[in-house]
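Spelled out from the first residue to the last, the chains are:
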Amino acid sequence: MQNIQQICQTLYDKFGPQGWWPLIRNSSVVHNARFTNKKLTSKEQFEITIGAILTQNTAWTNVEKALLVLHKNKALTKATMQKMPKEKLASLIRPAGYYNQKARKLKGLLNSKKAVTRENLLNIWGIGPETADSILCYVYNQPVFVVDAYTKRIFSKLGFAELEYEQLQGLVHKNLTPENYKEFHALLVKLGKEYCKKNKPKCSVCPINKPCAHPIRYNHT
DNA sequence: CGCCAGGGCCTCA
DNA sequence: TGAGGCCATGGC
């Protein structure tokens, strides 16, 4: 089995820097390689935090729509969003789906007065491990690898045993250095979206198909 | 049309 | 503690 470092390197060689986390620039949401190690402004930090909740089980294109609605309505600030009625907030983030739940989640996060630690984030209603880690990693530059549905699917197909969130995260922590956590996660999303898809995986042209331990589990096309 | 998308909570056994 | 239901829009 190819090791995690090699997978990360192979994906980087193939796809290049992914420019995470995507940010609003000139009224559109863009990826830029400079973002990954950028010193973020507080406005950008806020934007990523909101996006981390909006993207729960949701196509990123829909999240972009919601973020741009908030942006156009000058609602992408903590003060504005806090004073806005939950129903109004829900209507603005409608394109992201689950808008009632997400409005509640955003309110809960914004009203939290506790320090931003993993434990405190997890105690907020609607913040689970992935959302907490996304905030810690991409907003606060903490050495935390984000495990998402793509990560689980890809690792499963590569032949790694089915692991719980923290176990899979620990495996990556053990095999990569922290400065690669952001990029590796972004690269896995790229691979998951374009190659290791749930429906019609493109195994024949997959950059890491060869070392895949269970290629039989793919529908080869 | 059905399936899926950068989850997380609740219920019930 | 694990499976299953629920939340919802928009792209393909």
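Our structure is the block above this text.
### Here we look at the protein's contact with DNA strand B
Moving on, step 1. Taken together, 25 residues lie around DNA strand B, and Trp21, Asn57, Gly128, Thr131 and Tyr150 are the ones closest in.
Moving on, step 2. By atom count, sugar and phosphate contribute 68% of the portion of DNA strand B lying within 4 Å of the protein.
Moving on, step 3. In this structure, a sugar or linking oxygen belonging to DNA strand B sits 2.9 Å away from a main-chain N or O atom of Asn57.
Moving on, step 4. Contacts to DNA strand B include Trp125, whose side-chain N or O atom sits 2.9 Å from a sugar or linking oxygen.

### Side note on unusual backbone geometry
Moving on, step 1. With an omega of -5°, the peptide bond running from Trp20 to Trp21 counts as cis.
Moving on, step 2. Assignment of secondary structure puts Trp21 in the loop between helix 1 (4–15) and strand 1 (23–25).
Moving on, step 3. With a phi close to 55°, Asn26 is a non-glycine residue in the positive phi region.
Moving on, step 4. Checked against the element boundaries, Asn26 lands in the loop between strand 1 and strand 2 (28–30).
Moving on, step 5. Unusually for a residue other than glycine, Asn141 sits at a positive phi of about 55°.
Moving on, step 6. Note on placement: Asn141 falls in the loop between helix 8 (129–139) and helix 9 (149–157).

### Side note on the nonpolar core
Moving on, step 1. Ranked by size, the top nonpolar core spans 44 residues in total, and within it Ile50, Leu54 and Leu70 carry the most contacts.
Moving on, step 2. The residue makeup of this core includes at least three contributed by each of domain 1 (1–18 + 144–221) and domain 2 (39–142).
Moving on, step 3. Aside from chain neighbours lying at most four places away, what touches Leu54 is Val63, Ala66, Leu67, Leu70, Ile93, Ala96, Lys102 and Leu106.
Moving on, step 4. The next biggest cluster of nonpolar side chains, apart from the first, holds 25 residues, and it includes Cys8, Ile154, Leu171 and Val172.

### Notes on the pattern of salt bridges
Moving on, step 1. Across all of its chains, the model carries 5 salt bridges by this definition.
Moving on, step 2. Residue Glu44 pairs with Arg25 through a salt bridge whose shortest N-O separation is 2.8 Å. Residue Glu44 is found in helix 2 (residues 42–54), and its partner Arg25 is found in strand 1; the two are separated by 19 residues along the sequence.
Moving on, step 3. Exposure remark for Arg25: the relative accessible area of 29% places this residue in the partly exposed category.
Moving on, step 4. Residues Lys190 and Glu194 are paired through a salt bridge, measuring 3.0 Å at the closest nitrogen-oxygen approach.

### Observations regarding helix 9
Moving on, step 1. Along helix 9, the residues classified as buried are Thr151, Arg153, Ile154, Phe155, Ser156 and Lys157.
Moving on, step 2. At its buried positions, helix 9 is contacted by helix 1, helix 10 (165–175) and helix 11 (181–194).
Moving on, step 3. You can read the cap of helix 9 off the contacts: a side-chain oxygen lies 3.2 Å from the backbone nitrogen of Tyr150, and it is on Asp148.
Moving on, step 4. Directly after helix 9, the chain includes Gly159, whose backbone phi takes a positive value near 105°.

Analysis parameters
Residues numbered from 1 in each chain as written. Chains lettered and ligands numbered in written order. Predicted model: local features only at pLDDT ≥ 70, side-chain atom pairs only at ≥ 80, totals over all residues. Heavy atoms only, no water. Near = heavy atom within 4 Å. Polar contact = N/O pair within 3.5 Å; in protein donor to acceptor, adjacent residues only side chain to side chain. Helix = DSSP H or I, 4+ residues; strand = E, 2+ residues; numbered from the N terminus. Core = buried A, V, L, I, M, F, W, Y, C linked by side-chain atoms within 4.5 Å. Buried < 20%, exposed > 50% of the residue type's maximum accessible area, 1.4 Å probe, protein only. Domains from an automatic or database assignment. Contact = heavy atoms within 4.5 Å. Salt bridge = Lys/Arg side-chain N within 4 Å of Asp/Glu carboxyl O.

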